[in-house]
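Geometric and topological summary
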Amino acid sequence: MADILYAGLSFEQVVKSYYQTIASVCVLHIQNDTDAQDCFQNTFVKLFEKSPEFKSESHLKAWLIRVAINECNNMRRKNRRTVSLSQVVENSVITFPDNDKDDISWALVKLDDKYRDVLYLRYCEEYNANEIGKIIGKNPSTVRTLLKRGKEKLKSIYGGGSDE
Amino acid sequence: MNKKNFNSISQFSVPQNWIDDALSIPSDRDKKKPIPFVKFSRTFAAVACLVLVCCVSLLLFFMTDDGAKPPVKETQNTSFSDVVTEETSDLVSLQNSDNTEESTSSIDSSNIEPTEENYGDNSSQGIKPSVKPTTKPVVGPTVKPTGDSTIEPSEKPVIKPTEDTEDKPVIPTTRPPMKPNDPQPSEDESSEDSSYEDPEIPTSKPINPQPSVDVPSEDPSSEDPQIPTDVNVSFSVDKLGGKFEIYCKILDSRGNLIGDTDLYSREHNASMNISNGMIYAKYPIYYNLITKSDYYTFVFYNSANPKIETLMVFLNPIN
């Protein structure tokens with residue numbers, strides 16, 4: 001199985017290259033350590049099982065992000081049906097340190113999914129609107145609209161000014 | 001101006017076990033080789049159940065089909081009549097051969113003992129016609145010295161089975177077993193059969209009265225002897241219940257009544273004679289009512305006893 005290459009990278013290289021991105025996506029969507037880890041693992045399991053052909057590393061990264069978002073959505077949908085509130089409280093919740101006052105990650109996780117994804121992809125992964133549209137399956141214009149509204153909502157949450 | 005950031009998210013410190021688990025995915029997957037049919041286990045289980053049900057259904061169908069073959073078809077070449085009495089619940093094949101001797105012995109109704117008191121004799125003497133006839137006369141009418149036209153013992157072969165007489169109607173009789181050393185038929189006795197409409201009363205007490213179907217009353221040489229015209233039964237006078245009247249109804253194999261629904265109409269009226277405490281009843285077979293080959297049950301009754309005697313006969317109206 002080590003012979004399989006993903007855009008010229010072995011599975012181990014893929015994991016070491018993109019574990020930070022995938023983990024961030026998972027934590028952004030699911031602030032639960034166990035479930036986030038499951039989504040993280042499932043993303044790479046999908047990669048290993050599907051073994052799709054990638055044109056480039058950017059294509060590989062976009063594919064991993066898309067799969068991670070889907071896994072998180074599936075996990076939340078599953079938890080909505082099966083997990084009780086008491087179980088959620090008992091589970092280990094990922095918290096964000098508040099030593100950096102400019103870190104507004106806590107506000108980002110409070111946004112709706114549609115704004116949160118585009119904002120994360122735009123400002124953390126530095127994708128443009130076209131690339132974000134390809135990843136999340138929306139038009140670039142829609143992505144731009146979501147970005148604009150998302151920033152406004154984010155500001156309303158953390159109470160910031162015009163600076164990013 | 002401080003720039004806002006998402007460092008906590010983008011620089012999330014990934015636990016080492018997450019990375020280790022992800023790196024171990026290929027080795028784990030190699031260990032877990034896919035087991036055939038596991039992925040679609042439910043589908044395969046459903047298909048297997050369906051196939052099993054189909055096989056069992058086919059098996060039952062063929063088994064039932066074999067069991068449901070009509071007796072006529074099974075014995076088409078060897079038997080043309082069967083008689084079953086409800087009291088003994090025994091199926092008696094009255095004819096089972098191509099030669100005269102065997103047919104005579106098969107018609108020998110001395111081995112047919114429908115009554116409960118004679119049930120043991122059935123088992124001891126043998127019911128099937130293929131059994132060697134006994135020399136011991138059993139049936140009551142056989143001892144009649146005056147020659148009853150219908151039930152007088154006759155050693156002649158009453159039925160001469162031929163190839164064109166296959167599937168003929170039943171001709172169960174109360175004839176005694178034919179002696180193997182005397183298979184010659186007697187002409188005078190066959191001529192006496194024509195006088196059945198006014199049967200004489202047996203002078204001696206019958207030993208074992210039993211229901212029977214009369215043989216054709218005409219000369220066997222001039223008429224097909226295998227078509228019964230009457231059904232005869234004999235039973236104790238006590239069964240009448242004080243009512244000196246007797247009727248007979250015909251039920252097909254499904255229990256449907258044949259003929260008039262008024263069970264006490266003239267159509268159901270049976271004739272009877274009394275002798276030595278025994279009733280000899282006769283009921284004609286109306287072949288215009290018999291539309292198909294089947295087992296027909298003749299139930300003799302009256303207002304005091306709804307089931308005096310029962311006789312099951314296989315009739316083939318085609319012939």
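Everything in this summary refers to the structure shown in the same document. This one's a predicted model, so the numbers in the text were calculated from it and none came from an experiment. (Residues numbered from 1 in each chain as written. Chains lettered and ligands numbered in written order. Predicted model: local features only at pLDDT ≥ 70, side-chain atom pairs only at ≥ 80, totals over all residues. Heavy atoms only, no water.)

1. Concerning the overall build of chain B
Within chain B, the secondary structure is distributed over 8 helices and 10 strands. For chain B, with 319 residues in total, the buried portion stands at 45%. Counting every atom, chain B has about 16,500 Å² of accessible surface; 54% of that belongs to carbon and sulfur. (Helix = DSSP H or I, 4+ residues; strand = E, 2+ residues; numbered from the N terminus. Buried < 20%, exposed > 50% of the residue type's maximum accessible area, 1.4 Å probe, protein only. Areas by Shrake-Rupley, 256 points an atom, 1.4 Å probe, with all protein chains shown as cover.)

2. Section: the pattern of salt bridges
Residue and element names in this part refer to chain A. Throughout the structure, instances matching the rule amount to 6 salt bridges over all chains. Put simply, R76 and D113 hold a salt bridge, and the shortest N to O gap is 2.5 Å. Taken together, the residues span a long stretch of sequence, with R76 in helix α3 (residues 57-82) and D113 in helix α6 (residues 113-123) at a distance of 37 residues. Judged by its relative accessible area of 23%, R76 is partly exposed. Residue class for D113 comes out partly exposed when judged on its relative accessible area of 28%. (Salt bridge = Lys/Arg side-chain N within 4 Å of Asp/Glu carboxyl O.)

3. Quick notes on unusual backbone geometry
In this model, S51 of chain A sits at a positive phi of 50°, which is unusual for a non-glycine residue. Structurally, S51 of chain A can be placed in the loop between α2 (33-50) and α3. Assessed through its relative accessible area of 26%, S51 of chain A is described here as partly exposed. Phi is positive for N276 of chain B, which is not a glycine, with a value near 50°. Mapped onto the fold, N276 of chain B is located in the loop between β7 (271-275) and β8 (278-284).

4. Describing the interface of chain B and chain A
Contacts between the two partners involve 23 residues from chain B, matched on the other side by 38 residues from chain A. In this assembly, chain B packs against chain A so that about 2,900 Å² is buried in total across both faces, 69% of it on carbon and sulfur atoms. Put simply, chain B and chain A have 0 salt bridges between them. Where chain B meets chain A, there are 10 residue pairs in polar contact (both at pLDDT 80 or more). Those elements giving two or more residues to the side of chain B that touches chain A turn out to be α1 (7-10), α2 (16-23) and α3 (25-31) of chain B. Here the element with the most residues in the side of chain B that touches chain A is α2 of chain B; it accounts for 6 residues. Considering only residue class, the side of chain B that touches chain A consists of 11 nonpolar, 7 polar and 5 charged. (Contact = heavy atoms within 4.5 Å. Buried area = accessible area lost by both parts, 1.4 Å probe. Polar contact = N/O pair within 3.5 Å; in protein donor to acceptor, adjacent residues only side chain to side chain. Nonpolar A, V, L, I, M, F, W, Y, C, P; charged D, E, K, R; others polar.)

5. Thoughts on the environment of F235 of chain B
Residues and elements named next belong to chain B. In this fold, F235 is placed in strand β4 (residues 230-236). F235 sits in the buried class, given a relative accessible area of 2%. Sequence separation between F235 and Y280 is 45 residues; the distance between their C-alpha atoms is 6.8 Å.

6. Quick look at the packing of aromatic side chains
The full count for this structure, using the stated rule, is 12 aromatic pairs over all chains. Between Y6 of chain A and F11 of chain A the ring centres are 6.1 Å apart and the planes differ by 65°, which places this aromatic pair in the edge-to-face class. Taking relative accessible area as the criterion, Y6 of chain A reaches 0% and is therefore assigned buried. Ring plane angle 50° and centroid distance 6.1 Å describe the contact between F12 of chain B and W18 of chain B, whose orientation is recorded as tilted. By the burial criterion, F12 of chain B is buried, and W18 of chain B matches it. Clustering of aromatic rings is evident, with ring pairs tying together Y6, F11, F40, F44 and F48 of chain A together with F12 and W18 of chain B. The ring centre of Y123 of chain A lies 5.6 Å from the NZ or CZ of R122 of chain A, which sits over that ring. The lysine or arginine in question, K249 of chain B, covers the ring of Y301 of chain B, its NZ or CZ lying 5.5 Å from the ring centre. (Phe/Tyr/Trp six-rings, centres within 6.5 Å; stacked < 30°, edge-to-face > 60°. Lys NZ or Arg CZ within 6 Å of the ring centre and 35° of its normal.)

7. So, the side chain of R116 of chain A
Residue and element names in this part refer to chain A. With respect to the helices, strands and loops of the structure, R116 is situated in helix α6. A polar atom in the side chain of R116 sits 2.9 Å from the backbone oxygen of V109. Non-local contacts of R116, meaning those with residues more than four positions away in its chain, are made with L28, H29, R76, L108, V109 and L111.

8. As for helix α7 (residues 129-136) of chain A
Residue and element names in this part refer to chain A. All buried positions along α7 are accounted for by A129, I132, G133, I135 and I136. The arc that holds the buried residues of α7, viewed along the axis, is 165°, so those residues lie on one side. Following α7 by one or two positions, G137 adopts a phi angle in the positive range, close to 75°. (Arc of directions from axis to C-beta.)

9. Points about a positive patch on the surface
Residues and elements named next belong to chain A. A contiguous patch of positive charge, built from K114, K138, K148, R149 and K153, is present on the exposed surface. The greatest single-element share of the positive patch, amounting to 3 residues, is contributed by helix α8 (residues 140-158). Mapped onto the elements, K153 comes out in helix α8. (Patch = residues over 30% accessible without salt bridge, like charges linked within 9 Å, V, L, I, M, F, W, Y side chains within 5 Å. Lys, Arg positive; Asp, Glu negative; His and termini not counted. Charge placed at Lys NZ, Arg CZ, Asp CG, Glu CD.)

10. Description of the environment of V237 of chain B
Checked against the element boundaries, V237 of chain B lands in the loop between β4 and β5 (247-251). Each C-alpha atom, one on V237 of chain B and one on G277 of chain B, is 5.5 Å from the other, the two residues being 40 residues apart in sequence.

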